[in-house]
Amino acid sequence: MSYRASHVAQAEKGVQNLVVVDRISALPDELIVSIVSLLPLKEAAATSILSTRWRHFWTFITTLDFHHDVLFHLRSYTRERIESEIDRYLNWVNSVVKQHRGPTIQLLRVYADINDPKYASSIYTWVRFALEKRVQNFDLLLSKNRFFPKRGNEIKAVFSTFPHSDQLLNVDRGSALKHLCSKPDIPSLHPCAYSCFSAFSCLKYLKALDFGSVIGLTGQVLECFLSYCPVLERLKVVRPNRLANFRVIGPLIALKYLHILKHTGLLSIEICDVNQLVSFIYVGDEINLLLKNVPQLVEVSISSRRLSFKECHSQREVVKSQLEVVKSQLEVLRLNNFVLYNGKHVFPTFVNLKHLELGFKEVDDCCLLQLASSMRASPFLHKLVLKLAKVISIYYSREMQIKQAPKCSHEYLRVVEVAEYHGRTSDFELVMYLIENAVELEKLVIHPVGTWYSYDRRMQYDRNAEREEKAERKQATQQLKEQMPSTLDFICRL
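Sequence order as written defines the numbering, with residues in each chain counted from 1. Totals for whole chains, interfaces and linings use all residues, but because this is a predicted model, local features are given only for residues with pLDDT of at least 70 and pairs of side-chain atoms are given and counted only at 80 or more. Values shown for side chains rest on all heavy atoms present in the structure; no hydrogens or waters enter the calculation.

Enquirer: Which residues make up a nonpolar patch on the surface, and what values go with them?
Expert: A contiguous nonpolar surface patch, about 260 Å² in accessible area, is contributed by V351, F380 and Y412. Tracing the sequence through the fold places Y412 in the loop between β16 (392-393) and β17 (415-421). A 1.4 Å probe rolled over the protein chains alone gives each residue an accessible area, and that area as a share of the maximum for its type sets the label: buried under 20%, exposed over 50%, partly exposed in between. When its relative accessible area of 41% is taken as the criterion, Y412 is described as partly exposed. Like charges are joined within 9 Å and nonpolar side chains (Val, Leu, Ile, Met, Phe, Trp, Tyr) within 5 Å, but only among residues with over 30% relative accessible area and no salt bridge; these make up the patches. Only the protein chains shown count as cover for residues, and the accessible areas themselves come from Shrake-Rupley with a 1.4 Å probe. Any carboxyl oxygen of Asp or Glu that lies within 4 Å of a side-chain nitrogen of Lys or Arg is treated as forming a salt bridge with it. Here a strand is any run of E in DSSP of at least two residues, a helix any run of H or I of at least four, and the numbering for each starts at the N terminus.

Enquirer: Give me the lowdown on the nonpolar core, citing residues and values where you can.
Expert: By convention a nonpolar core is built from buried Ala, Val, Leu, Ile, Met, Phe, Trp, Tyr and Cys residues, the set being connected through side-chain atoms within 4.5 Å. Judged by nonpolar contacts, the single largest core of 79 residues is most densely connected at L235, F246, L258, I269, I271 and L444. If sequence neighbours within four positions are ignored, F246 has contacts with G219, L222, E223, L226, L235, L258, I260, S268, I269 and E270. In this structure, A44, L64, L74 and Y89 belong to the second largest nonpolar core, which totals 38 residues. The contact criterion used is simple: two residues touch if any of their non-hydrogen atoms lie within 4.5 Å.

Enquirer: Give me the packing of helix α10 (residues 367-377) against helix α11 (residues 425-437): which residues, what numbers.
Expert: Throughout, an axis means a line fitted to C-alpha atoms (over the contacting stretch in the case of helices), and angles, computed between N-to-C directions, take values from 0 to 180 degrees. Orientation of α10 relative to α11, taken along the N-to-C sense of each, is 25°, at an axis distance of 10 Å. Judged on the interaxial angle alone, α11 and α10 are roughly parallel. Here the hand of the crossing between α10 and α11 comes out right-handed. From α10, C367, L368, L371, A372 and M375 reach across to α11, where they touch E429, L430, Y433, L434 and N437. Split by residue class, the contact of α10 with α11 holds eight nonpolar, one polar and one charged. Each angle gets one of four labels, with under 35 degrees taken as roughly parallel, over 145 as roughly antiparallel, 65 to 115 as roughly perpendicular, and the rest as oblique. Crossing chirality is assigned from the near helix's rotation relative to the far helix, an anticlockwise turn below a right angle marking it left-handed and a clockwise turn marking it right-handed. Each residue is assigned to one class: nonpolar for Ala, Val, Leu, Ile, Met, Phe, Trp, Tyr, Cys and Pro, charged for Asp, Glu, Lys and Arg, and polar for all the others, Gly among them.

Enquirer: Can you tell me about the sheet that holds strand β9 (residues 267-272), naming the residues and giving the values?
Expert: In a beta sheet, neighbouring strands pair by backbone hydrogen bonds and run either parallel or antiparallel. Pairing between strands is defined by DSSP: at least two bridges between them are needed. Taken together, the three strands give an open sheet; going across it, the order is β7-β9-β11, and neighbouring strands pair in parallel fashion. If you trace the sheet from one side to the other, it starts and ends with β7 (245-249) and β11 (287-292), each paired once. On average, each strand axis in the sheet is inclined to that of its neighbour by 5°, with strand direction left out of account. Note: β7 against β9, five bridges, orientation parallel. Across the sheet, residue F246 finds its bridge partner in β9, namely I269.

Enquirer: Provide a residue-level description of the packing of aromatic side chains, including the pertinent values.
Expert: The criterion for an aromatic pair is that two Phe, Tyr or Trp rings (for Trp, the six-membered ring) have centres within 6.5 Å, with stacked assigned to planes under 30 degrees apart, edge-to-face to planes over 60 apart and tilted to the rest. A complete count under the given rule lists five aromatic pairs for this structure. Look at F66 and W92: their rings are 5.2 Å apart centre to centre, the planes differ by 75°, and that puts the pair in the edge-to-face class. With a gap of 26 residues between them, F66 in the loop between β1 (63-65) and α4 (79-99) and W92 in helix α4 connect regions that are remote in the sequence. Looking at F66, the relative accessible area reads 0%, which means it is buried. Residue classification places W92 among the buried positions, given a relative accessible area of 18%.

Enquirer: So what's going on with the environment of I105? Residues and values would help.
Expert: Topologically, I105 is positioned in the loop between α4 and β2 (107-113). When the C-alpha positions of I105 and L64 are compared, they lie 7.6 Å apart, and in sequence the two are 41 residues distant. Residues contacting I105, with those up to four places away along its chain left out, are I61, T62, L64, H100, F129, K133, R134, V135 and Q136.

Enquirer: Describe the pattern of salt bridges, and please don't skip the residues or the numbers.
Expert: Tallied over the full model, the rule gives 14 salt bridges. Across the salt bridge formed by R334 and E299, the nearest N and O atoms sit 2.6 Å from each other. Taken together, the residues R334 in strand β13 (residues 332-336) and E299 in strand β12 (residues 299-304) connect sequence positions 35 residues apart. Judged by its relative accessible area of 18%, E299 falls in the buried class. Here E357 makes a salt bridge to K387, at a shortest N to O gap of 3.4 Å. Highlighted residues: E357 in strand β14 (residues 355-359) and K387 in strand β15 (residues 383-387), separated in sequence by 30 residues. Taken together, the salt bridges that share partners define one network made up of E299, R334, E357 and K387.

Laid out in structure tokens, this is it:
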């Protein structure tokens, strides 16, 4: 027998003597459940066929994410197919809910159509199930007319802890919202959307709550939640369509993070005597802000999409006056898409500010003056982020004459980031001003813009213009690099 044949024979003999050991099944039940919980729900359920011992492991999993791709494509289906898919989805969710045996769940994510009577009883069953299982993260993604956009309406709730299920209140779901909020105009919100929270004493364990594009969400409703949620720490509201006035008042409110994003219209918001609040973020149109006695507030972010503070003196002064209230405690400040500098009154002095972010408009000849003013007002600033206009209209000249600013030596600024760098003369002057005045600067990060102009759709797209833009952008970045001192860590992220 040749050496090769002998070697093959020995290998085959070794395979025959090999004993396959199922090490996963030898693990404790609790650990197996933790592993299975990491799988997508349908794959977790499929593990029940592996063996008799594995038959019920999946019914103890702590993550129930009922994501179903078909729900996002119902528009393209026939009526019969839509009915069939909805019935299939409801049967799937209800079957899993019925079979689940675990005492708790970490996450429940489920989709529901608030206008479809098929969902009515199921929504209540799901919420009851979630609360009985002491859910920690509850995402109820709502839709109407049976169409589920990928970024649609949603209510997300995060709970801290729960009492036993026998402590849940048995409140009629039809009158639940009325029971919680005595004001007669509150029930304009769909009962299915909010009775899930208002009907149970577990509101006192609600820790975080997110609303995304929820129809009919008003300031009164939000204030109602704050009143009945004594440990609520995080409140996030995205695309509120009826939110005009909102008051957060009282030392008993435990709110730490208040984020209102993509708001349309004027929002009047009053935040007073809230001892725990550390972060306030607003992205939207106009804002009438009142801050009073918020001793822990260290982060403020205000981004205006439409408001021009050059044209609206009163709004500019409102923001300035409120920054004065928290000037001694702010550590992070973001101001995007408007200018506070007006030549007469500048920033208040922020003695504890460590991170500052400024966003400039497309045409702003005072950008250098605002930069100098902000540096003087932040003597201990460590990091500065400048966000230039991402898109420049083709109707604006690429070159812009900006007003010059006096020198302002800064000894604590260490890191600067410039986003959407176009390479215009004004952009170059901003960066060079920082190089000259931030005497201890260690790191400069440049993020060049992808496309310089927003082309009118009626105009024919020109590939040659695109190539010219790329070449000019590369040349502008190289020109900037050549001006950098050798001691500076210069990073360009093309």
